[in-house]
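# Structure at a glance
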Amino acid sequence: MAETQLEKSASTQHVKALNDWLPITKSRNAKWWYSAFHNVTAMVGAGVLGLPYAMSQLGWGPGAAVMVLSWLITLYTLWQMVEMHETKEGKRLDRYHELGQHAFGEKLGLWVVVPQQLMVEVGVNIVYMITGGKSLKKFVDTVRPNGPDIKTTYFILMFGCVHLVLSHLPSFNSITGVSLAAAIMSLSYSTIAWVASVHKGVQHDVQYTPRVSTSTGQMFSFFSALGDVAFAFAGHNVVLEIQATIPSTPEKPSKKPMWKGVVFAYIVVALCYFPVAFAGYWVFGNKVEDNILISLEKPRWLVAAANIFVVVHVIGSYQIFAMPVFDMVEACLVLKMNFKPTMMLRIVTRTLYVALTMFLGMTFPFFGGLLSFFGGFAFAPTTYYLPCIIWLAIRKPKRFSLSWSINWICITVGVILMVLAPIGALRQLILQAKDFKFYS
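Note that the structure is predicted; figures quoted are calculated from it, not measured.

## Observations concerning the overall build of the chain
Counting its regular elements, the chain contains 17 helices and zero strands. Taking 22 Å as the expected radius of gyration for a compact globule of 440 residues, we find that the chain reaches 22 Å, a close match to that expectation. Overall, the chain is about 80 × 55 × 40 Å in size when its C-alpha atoms are taken along their principal axes. Within the chain, residue pairs in contact and separated by at least 24 positions form 86% of the contacts whose partners lie at least 6 positions apart. Total accessible area computed for the chain in this model is approximately 19000 Å², and 70% of it derives from carbon and sulfur atoms. Distance between charge centres in the chain, computed from 35 positive and 22 negative side chains, equals 3 Å.

What follows is the structure, given as structure tokens:
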């Protein structure tokens, strides 16, 4: 009996030591405003620039409805996740997969959450590599219109090199400065995008008819646009990990400061998303590009500034989404493969991860198609309906009660998104790939 107690004590100490080393749980002294700008950085990303394009595929009525519905559903599911971070017994569920395990059991919980979460986080990092590289190229081309034409591949390489340095910051809280700068930049370039669009005025040949003439093409475009919108509301994949950095006691649970930060972040999200989506579509109609900043050619200095703001922002966003991946990989290597938790292990795993996302970004730089594909296939489950399923499993609300009904509505919307969006996106990717030259 005494031996068992000793073993338990040794095991607890080992877990504590590992948590003190892993990036998510290493530092737990965050304030509510850390949550605010981490959430803004995680959410207001590359997706906001694609919203006018999504509107042009959806049309005014369906587009506005999908935008408002997504904002409300994702705020609700985010509230559920914040509420479920601490169990009744006082245990903290610091990672999305830990919440899954609490709801569905040790093994099934891992299989339900980890593949989807990894797909989202790795997918976002690849898209952000492409966005960072393309925005850097747009900045250089705008500043030097008569300069040499440098391949996008080289700009993605430059952007990746920044992360080869930043990815070695040890914990979530150590990227706070980067995240704050990124959150300010996201508000700045979103404001520039819609203000510059309004200033440009409605184009003389503007049309709000569908982008494509065939009914089949219109249907696939509609599906693809749903994925673009789903991609834009994607902060849920890192919300528990952000909450894990906030101190928590039974008297002062972390959910109070976390929720305060989330509400602030969602107000910022509304101020960024709705004006950009509606103003961009209003000005350019069905000719708007899949990145609104590409449609804006003048004033040149403002477009250049907006693009460099995007670069700074996606530097922060990349780190926010990469940190849980580092945490997962490093925990797996230590627990399952008996590696020692050393600095060398961290350097090797993180460098290899950045190199992999950089290589994939350089090889497949289809910004619009990737946005929609990942949005539908991976983001819809983890953002729109997985929190609802977990809530039903843990909290067990009464059948046909308000909570039960709302959750089932969210689940239905999420499943429709997950099925339809990738279909449209795959078609878009195939069309874009036809004329594509590798490493151009």
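## Looking at a nonpolar patch on the surface
Together, Trp60, Val198, Val202, Tyr208 and Trp282 make up an exposed nonpolar region whose accessible area comes to about 420 Å². Take Trp60: it is sitting in helix 5 (residues 60–84).

## Side note on the layout of surface pockets
Volume-wise, the largest pocket comes out at about 960 Å³. Together, 28 residues line the largest pocket, and His97, Glu98, Gln101, Leu110 and Leu335 are the ones closest to its centre. Among the secondary structure elements, those contributing two or more residues to the lining of the largest pocket are helix 1 (2–21), helix 6 (96–104), helix 7 (106–143) and helix 14 (300–335). Ranked by residues supplied to the lining of the largest pocket, first place goes to helix 7 with seven residues. Residue composition of the lining of the largest pocket, by class: 14 nonpolar, four polar and ten charged.

## Some thoughts on the environment of Thr349
Relative to the elements of secondary structure, Thr349 occurs in helix 15 (residues 343–363). Overall, Thr349 belongs to the buried group, its relative accessible area being 15%. Ignoring any residue separated from it by four or fewer positions in sequence, one finds Thr349 in contact with Val329, Glu330 and Leu333. A distance of 3.2 Å separates a polar side-chain atom of Thr349 from the backbone oxygen of Arg346.

## Comments concerning the nonpolar core
Formed by 109 residues in total, the largest nonpolar core has its most connected members in Val229, Phe233 and Tyr273. Other than its neighbours up to four places away in sequence, Val229 contacts Leu51, Ala54, Leu58, Val66, Met67, Ser70 and Tyr384. If you look at the next biggest cluster of nonpolar residues, it comprises seven residues, including Trp21, Leu333, Val334 and Leu345.

## Regarding unusual backbone geometry
Here Asn338, not a glycine, exhibits a phi torsion of approximately 60 degrees, which is positive. For Asn338, the location among the structural elements is in the loop between helix 14 and helix 15. On the accessibility criterion, Asn338 (66% relative accessible area) is exposed. Positive phi is not limited to glycine here, since Lys396 has a value of about 45 degrees.

## Description of helix 2 (residues 32–43)
Every α-helical turn comprises 3.6 residues, leaving residues that sit three or four positions apart pointing alike. Relative to the 16 Å expected for twelve residues at 1.5 Å per residue, helix 2 spans 17 Å between its end C-alpha atoms, a close match to the ideal helical length. In terms of burial, helix 2 is a largely internal element, nine of the twelve residues being buried. Residues Ser35, Ala36, Phe37, His38, Asn39, Val40, Thr41, Ala42 and Met43 constitute the buried set of helix 2. Tucked inside the fold, the buried residues of helix 2 contact helix 7, helix 9 (176–200), helix 10 (215–232), helix 11 (239–243), helix 12 (255–284) and helix 14.

## A closer look at helix 9
Between its first and last C-alpha atoms helix 9 spans 36 Å; for 25 residues at 1.5 Å apiece the expected length is 36 Å, and the two agree. Residues of helix 9 that are buried: Thr176, Ser179, Ala182, Ala183, Met185, Ser186, Tyr189, Ser190, Ile192, Ala193, Ala196 and Ser197.

## Observations regarding the packing of helix 2 against helix 9
With their axes 8 Å apart at the nearest point, helix 2 and helix 9 run at an angle of 60 degrees to one another. For the element pair helix 2 / helix 9, the angle class is oblique. Regarding helix 2 and helix 9, the two cross each other, and that crossing is left-handed. Residues Tyr34, Phe37, His38, Val40 and Thr41 of helix 2 form the contact with helix 9, whose own contacting residues are Thr176, Ser179, Leu180, Ala182, Ala183 and Ser186.

How each quantity is defined
Residues numbered from 1 in each chain as written. Predicted model: local features only at pLDDT ≥ 70, side-chain atom pairs only at ≥ 80, totals over all residues. Heavy atoms only, no water. Helix = DSSP H or I, 4+ residues; strand = E, 2+ residues; numbered from the N terminus. Rg over C-alpha atoms; globule rule 2.2 N^0.38 Å. Contact = heavy atoms within 4.5 Å. Areas by Shrake-Rupley, 256 points an atom, 1.4 Å probe, with all protein chains shown as cover. Lys, Arg positive; Asp, Glu negative; His and termini not counted. Charge placed at Lys NZ, Arg CZ, Asp CG, Glu CD. Patch = residues over 30% accessible without salt bridge, like charges linked within 9 Å, V, L, I, M, F, W, Y side chains within 5 Å. Salt bridge = Lys/Arg side-chain N within 4 Å of Asp/Glu carboxyl O. 1 Å grid on protein atoms, 1.4 Å probe; cavity = no way out; pocket = protein on both sides within 12 Å on 5 of 7 lines; lining within 4 Å. Points joined across faces, edges and corners; volume = space filled by probe spheres on them. Nonpolar A, V, L, I, M, F, W, Y, C, P; charged D, E, K, R; others polar. Buried < 20%, exposed > 50% of the residue type's maximum accessible area, 1.4 Å probe, protein only. Polar contact = N/O pair within 3.5 Å; in protein donor to acceptor, adjacent residues only side chain to side chain. Core = buried A, V, L, I, M, F, W, Y, C linked by side-chain atoms within 4.5 Å. Expected span 1.5 Å × (residues − 1). Axes fitted to C-alpha atoms, helices over the stretch in contact; angles between N-to-C directions. Parallel < 35°, antiparallel > 145°, perpendicular 65-115°, else oblique. Left-handed = near helix turned anticlockwise from the far one by under 90°.

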